[in-house]
Amino acid sequence: MSLSLPSVVLVTGTGTEVGKTIATAALACALRARGTDVAVVKVGQTGVGPDEEGDAATVARLTAGVDGAPVPTEEFFRLRDPLAPDAAARREGVTLPPVATHLRRITELAATHGVVLVEGSGGLLVRMDSRGGTLADLGKALRYKGSSCGVVLVAAAGLGTLNHSALTAEALAARGVPLIGTIVGSWPAHPGLAEESNLVDLPTVTGAPLLGYLPEGAGTLTPAEFAVAAPTWLPTIAG
């Protein structure tokens, strides 16, 4: 039986480089496998130039193996420096739009798609606008406006991930935003004691189920291979 999801799913991480983008693509493929119409938003892309492939384009490329058509994706803004969005914007001398602007566009997408996946930058409390607004604030605002919204946490596999995951779960609970579950974003080919133990303990420290784990290097698969494999990595999503 597939897990019931809200209309907007925010995808955050325990930190940077934990596999959020690949997990977002896998979620999109798994949802499409069960017949759900999906759209993907990357709120803020940093650390890439104007002609480089960003996270939204990566999701589009990896999901193109489903019926030959990628999921629709949007990138709200892009900044050159590999920093938190507010810091990168400050260096470029630009003002980022407030969370309320993102809220309006995401709400519009949610009205025409079964599920909208929204990938944040780094962790939950990274500032993504020039007023200090975060992905957590976006989730709180969506729920205040009446949209169903929850969070999927993409966690690292090794030591330290339990603490980071527990802190994220506490921050969400304090804001009244539900944590749907956790995905381990890059599962090593040869896991050690810490990794194996973390699979058992992540549901306990977060109070939410482990939705699955993605094999290390999943993003290097062809779109066709990725489309076939993703539902097996996230069986509770695919149903």
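That block above? That's the structure.
Our subject in this report is the structure included herewith. (Residues numbered from 1 in each chain as written. Predicted model: local features only at pLDDT ≥ 70, side-chain atom pairs only at ≥ 80, totals over all residues. Heavy atoms only, no water.)

Overview of the sheet that holds strand β1 (residues 8-13)
The strands making up a sheet associate through backbone hydrogen bonding, with each pair oriented either parallel or antiparallel.
Okay, step 1: In spatial order, the strands read β3-β2-β4-β1-β5-β6-β7; together these 7 strands make up an open sheet with parallel pairing. Pairing within the sheet leaves two strands with one partner each, and these edge strands are β3 (73-79) and β7 (210-215). The sheet shows a mean angle of 20° between the axes of neighbouring strands, direction not considered.
Okay, step 2: Sheet topology places strand β2 (residues 38-46) next to strand β4 (residues 115-123); 5 bridges connect them, and they run parallel. Paired with Ala39 across the bridge in β4 is Val116.
Okay, step 3: Set on the sheet, helix α1 (residues 20-33) makes contact with β1, β2, β4, β5 (149-155), β6 (179-187) and β7; between it and β4 the angle comes to about 170°. (Pairing = 2+ DSSP bridges. Helix = DSSP H or I, 4+ residues; strand = E, 2+ residues; numbered from the N terminus. Axes fitted to C-alpha atoms, helices over the stretch in contact; angles between N-to-C directions. Contact = heavy atoms within 4.5 Å.)

A look at the packing of aromatic side chains
Okay, step 1: Tallied over the entire structure, the rule returns 2 aromatic pairs.
Okay, step 2: Between the aromatic rings of Phe226 and Trp233, the centroid separation amounts to 5.3 Å while the plane-to-plane angle is 80°, which identifies the pairing as edge-to-face. Neither residue differs from the other here; Phe226 and Trp233 are each classed as buried. (Phe/Tyr/Trp six-rings, centres within 6.5 Å; stacked < 30°, edge-to-face > 60°. Buried < 20%, exposed > 50% of the residue type's maximum accessible area, 1.4 Å probe, protein only.)

Concerning the packing of helix α6 (residues 161-175) against helix α7 (residues 193-206)
Okay, step 1: One can describe the packing of α6 onto α7 by two numbers: an axis separation of 9 Å at closest approach and a directional angle of 25°. Taken together, α6 and α7 sit at an angle that is classed as roughly parallel. In terms of crossing hand, the pair formed by α6 and α7 is right-handed. Where α6 abuts α7, its residues Thr161, Leu162, Ser165, Ala166 and Ala169 lie against Asn198, Asp201, Leu202, Val205 and Thr206.
Okay, step 2: For the contact of α6 with α7, a count of residues per class yields 5 nonpolar, 4 polar and 1 charged. (Parallel < 35°, antiparallel > 145°, perpendicular 65-115°, else oblique. Left-handed = near helix turned anticlockwise from the far one by under 90°. Nonpolar A, V, L, I, M, F, W, Y, C, P; charged D, E, K, R; others polar.)

Brief notes about unusual backbone geometry
Okay, step 1: In the Ramachandran plot, Glu17 falls in the positive-phi region, its phi being about 60° despite a non-glycine side chain.
Okay, step 2: Its location among the elements puts Glu17 in the loop between β1 and α1.

Shape descriptors only; they carry no functional weight alone.
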